[in-house]
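Summary of the model geometry
Residue-level listing of the chains:
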Amino acid sequence: MSADLYRSPIPPQLWNAIREEFGLPALTQVRERLEAGFPDPEPALRQLVRVFIDEGTFCPGFQFQRDLSLDPVVVRLFQRAVELRIPHNYFALWMMTPCLAPDDARPVDRREEKYAPALLAVLESTLARAVA
């Protein structure tokens, strides 16, 4: 993975890829859905990965489970990314970029609990250095 990837503008194709594969609803839509489905949506709203495209704020669908709750692995990865001061948009780019050996998997394809330690290690060893 090239560090230059994380020092350049994010290509619009990334947002299209996220939108097509996982959905990319506006923050206002996500807020409405969470408020309608959960008695206290504020904890989830505070943990959302948000991406900023043009004048809008959107929430990549890869962070949601079927019941609209947040995927716990993505939440942990994103919390660490915030601690490392990784911008939201670059975190989304990293989630969609093949970087995991041995099969060049994307982090978004390894959101299972058993992969969480490896994902955290890759996040810290590659993305954190690339955006530093």
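Residues numbered from 1 in each chain as written. Predicted model: local features only at pLDDT ≥ 70, side-chain atom pairs only at ≥ 80, totals over all residues. Heavy atoms only, no water.

1. Observations regarding the nonpolar core
W15, I18, F62, I86, F91, W94 and M95 are the most contacted members of the largest nonpolar core, which has 36 residues in total. When residues of this core are traced back to their parent elements, those giving at least two are α1 (12–21), β1 (51–53), α4 (72–83), α5 (88–96) and α6 (116–131). Ignoring anything within four residues of it in the chain, the contact list for M95 reads F62, V74, L77, R106, P107, V108 and R111. Among the nonpolar cores identified, the runner-up in size contains 9 residues, and L45, F64, L70 and V75 belong to it. (Core = buried A, V, L, I, M, F, W, Y, C linked by side-chain atoms within 4.5 Å. Buried < 20%, exposed > 50% of the residue type's maximum accessible area, 1.4 Å probe, protein only. Helix = DSSP H or I, 4+ residues; strand = E, 2+ residues; numbered from the N terminus. Contact = heavy atoms within 4.5 Å.)

2. A word on α1
Those residues of α1 not exposed but buried are L14, W15 and I18. Looking straight down α1, one finds that the buried residues subtend no more than 95 degrees of arc, so they occupy a single side. More than 90 degrees from the buried face of α1, the exposed residues found are P12, Q13 and E20. On its buried face, α1 is in contact with β1 and α5. Directly beyond the C-terminal end of α1, a positive phi value near 95 degrees is found at G23. (Arc of directions from axis to C-beta.)

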